[in-house]
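Listed below are the residues making up each chain.
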Amino acid sequence: MHENIAKLTSRISQIILLVGVLGMSQAVANQKPAIVIHGGAGTITKASMSEDKEAAIRATLEASVKAGYQALLDGADSTDAVTRAINVMEDSPLFNAGRGAVFNAEGKHEMDASIMEGAGLNAGAVASVAQIRNPIDLALKVMTDSEHVMLMGAGAEEFARQQGFEMVDPAYFHTDFRWQQLQRIKAKEVARETVTTQDQHDKWFSTVGAVALDRHGNLAAGTSTGGTSNKRWGRVGDSPIIGAGTYANNNSCAVSATGHGEFFIRHVVAYNICNRVELGTPLAEAADTVVSDILVKANGEGGVIAMDRQGNIATPFNSEGMYRASINTAGEISISIYREKGDPEPALMGNVDH
Ligand code: ASP
C-alpha cells in the first residue's frame, strides 16, 4: 500500500515536472527575435561622405542585418545569426574586418574576432590572424571545437587548417582605400603635420559586430576587426577580448563594441554594461553610463550595440557617428550612420591618432 502511494507520488511529480518543462520551453520558444549590428564608430560626418559611398554602406548594413534576422526567423540560434550578419560585413571591402581590414605599421593584416553565447557563457576568440577570410567563423570554431577560449597568430591558423579552413592569400585583404590611409598616417607621423579633413576620414574605426536574441530567448554577441590602422605589429585590441569588446549573458545582456580598443579593455566595457544590467540598471542607462560618462571621462572614443533578454536595444556612441542597423522584436528595421535628432552632442571627436 505504502509502496503504491510512493510510486503514485513519484509519478505525479514526474508529470508536474514534465508539464513545467514543456510549458517553459513553449514560452521561451515563442520569443520574438531581434538583431542589432554595427559597422564601426568614429569621425563619420555627412560632409565627409560621398553619396555613393553612403549608399553602398547603407546597402551592406541592410544586407547584414537582414541576413541575421532571416536566420533567426528560420529558427537559427543567436550565435548563428550573429555569425551570418558579421560575414556579410567581413566580405565587403567597406568595413574594417575580413576583406577590408586595415594595415598594421608593417603594411600587413592582423585580424581579431570573438563570439559569445548568453546561455552557458561559452565563448571563442582569435587574435592576429592573417589568412582567414572570415575571422568570426574561426572564433566560433574555437568555441565549438576546442577546449580553449582564445587562440592567436600561427597557432590559431594551424587550428584553422586542421579544421578545414582555407588559407587566403594576403592579397585578398588589400584594398587601395586602406593602403592610402596607411600612407597618409605614416606621412603625417613623419611630418607631424596638423590634422586635415582627410585625416579625419582615417579615424573611422569600421570594426563590425552583431548582437542577437533568438526564438528560444538566448542572446549572443560577436565582433570582428582588422584593429587600428598603423597599429604596432602584435597589438591586440578589445575586439577579441571577452568582457572588453564582446560579452553575452542571458542573465543580463549582450554587447559588441567599437572604438579605441585600449580604453575599452581598461574599462572592461562590454562586461561593465552587462554587470550593471544584472544588478538592476535598465539596458539603455547602463550602456549610456559606460559610453557617455566613463569612456568620455577617460577620453576613450567609440560606441556599443547592446540588447537585453526582452529585446530592448541600445546603441550609444560618443564619437560623431556609428554605422548601425537593427530589426527589433516588432520586425521594424532601422539603419543609421550619423547622429540622429535627440542624440547627445558628440563628446569625443577625432581623438584617436592612428
Ligand atoms: N576596437 C577596435 C580595436 O581597437 C577598433 C574598432 O573598433 O574599429 O582594435
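Here the residue numbers are simple positions, counted from 1 along each chain's written sequence. Given that the model is predicted, a residue must reach a pLDDT of at least 70 before its local features are reported, and side-chain atom pairs must reach 80 or more before they are shown or counted; all residues, however, enter totals for whole chains, interfaces and linings.

Colleague: Looking at this structure, how should I read the pairing of strand β9 (residues 302-308)?
Modeller: Where a strand is regular, its side chains alternate between the two sheet faces. Counted residue by residue, β9 has seven buried out of seven residues, so it is predominantly covered. Three exposure classes are used, all based on how many other C-beta atoms lie within 10 Å of a residue's own C-beta (placed from the backbone): buried at 20 or more, exposed at 12 or fewer, and partly exposed between those limits. Here a helix means four or more residues in a row that DSSP labels H or I, a strand means two or more in a row labelled E, and each is numbered from the N terminus. Because side chains alternate across β9, one face comprises the buried residues G302, V304, A306 and D308, and the other comprises G303, I305 and M307, equally buried. Note: strand β8 (residues 253-259) against β9, seven bridges, orientation antiparallel. Opposite V255, over in β9, you have A306 as the bridge partner. Two strands qualify as a pair provided DSSP detects at least 2 bridges between them.

Colleague: Mind showing me how you'd approach helix α5 (residues 153-162) here?
Modeller: Side chains of residues three or four places apart in an α-helix project in the same direction, reflecting 3.6 residues per turn. Along α5, the positions that sit buried rather than exposed are A156, E157 and A160. Take α5 and look down its axis: the buried residues cluster within an arc of 95°, on one side only. Within α5, the exposed residues directed more than 90 degrees away from the buried face are A154, E158, R161 and Q162. Looking at the packing, one finds that the buried side of α5 touches β3 (123-129), α4 (135-145) and β4 (150-152). In the stretch just after α5, G164 is the one whose phi turns positive, near 85°. To be clear, the arc concerns the directions from the helix axis to the C-beta atoms. Placing C-beta atoms from the backbone, we regard two residues as in contact once those atoms come within 7 Å.

Colleague: Hey, could you run me through the confidence of the model for the chain in this one?
Modeller: Low-pLDDT stretches of the model should not have their predicted coordinates read in fine detail. Each residue carries a pLDDT value, the predictor's own confidence for that position, ranging from 0 to 100. Taken as a whole, the chain shows an average pLDDT of 89; of its residues, 84% reach a score of 70 or greater. A low-confidence stretch, residues 17-27 stays under pLDDT 50, and its non-local contacts, those more than four residues away or across chains, total zero contacts. Of the regions scoring below 50 in pLDDT, residues 350-354 engages in 14 contacts with residues more than four places distant in sequence or in other chains.

Colleague: Where do I start with the sheet that holds strand β1 (residues 34-42) in this structure?
Modeller: Think of a sheet as strands paired side by side through backbone hydrogen bonds, with each pair either parallel or antiparallel. Taken in spatial order, the eight strands make up an open sheet running β4-β3-β2-β6-β5-β1-β11-β12, and their pairing is mixed. Only two strands of the sheet have a single neighbouring strand rather than two, namely β4 and β12 (333-336). Pairs of neighbouring strands in the sheet enclose a mean axial angle of 10°, with direction left out of account. Sheet analysis places strand β5 (residues 208-213) next to strand β6 (residues 219-225), joined by six bridges and oriented antiparallel. Its bridge partner lying in β6, V211 is registered against A221. Here an angle of 0 to 180 degrees is reported between the N-to-C directions of two axes, which are lines fitted to C-alpha atoms, with helices fitted over the stretch in contact. Across the sheet, helix α2 (residues 51-73) lies against β1, β5, β11 (321-327) and β12, angled at about 150° from β1, the strand it touches most.

Colleague: Teacher, can you tell me more about the packing of α2 against helix α3 (residues 78-90) here?
Modeller: In contact at an axis separation of 8 Å, α2 and α3 are set at 160° when each is read in the N-to-C sense. Taken as axis vectors, α2 and α3 run roughly antiparallel relative to one another. Seen along the crossing, α2 lies across α3 with a hand that is right-handed. Here α2 contributes T60, A63, S64, V65, A67, G68, A71 and L72 to the contact with α3, which in turn contributes D80, A81, V82, R84, A85, V88 and M89. Under the scheme applied here, ten amino acids are nonpolar (Ala, Val, Leu, Ile, Met, Phe, Trp, Tyr, Cys and Pro), four are charged (Asp, Glu, Lys and Arg), and all others, including Gly, are polar. Tallied by class, the residues present in the contact of α2 with α3 amount to 10 nonpolar, three polar and two charged. Should an angle lie under 35 degrees it is considered roughly parallel, over 145 roughly antiparallel, and from 65 to 115 roughly perpendicular; all remaining angles are considered oblique. Crossing chirality is assigned from the near helix's rotation relative to the far helix, an anticlockwise turn below a right angle marking it left-handed and a clockwise turn marking it right-handed.

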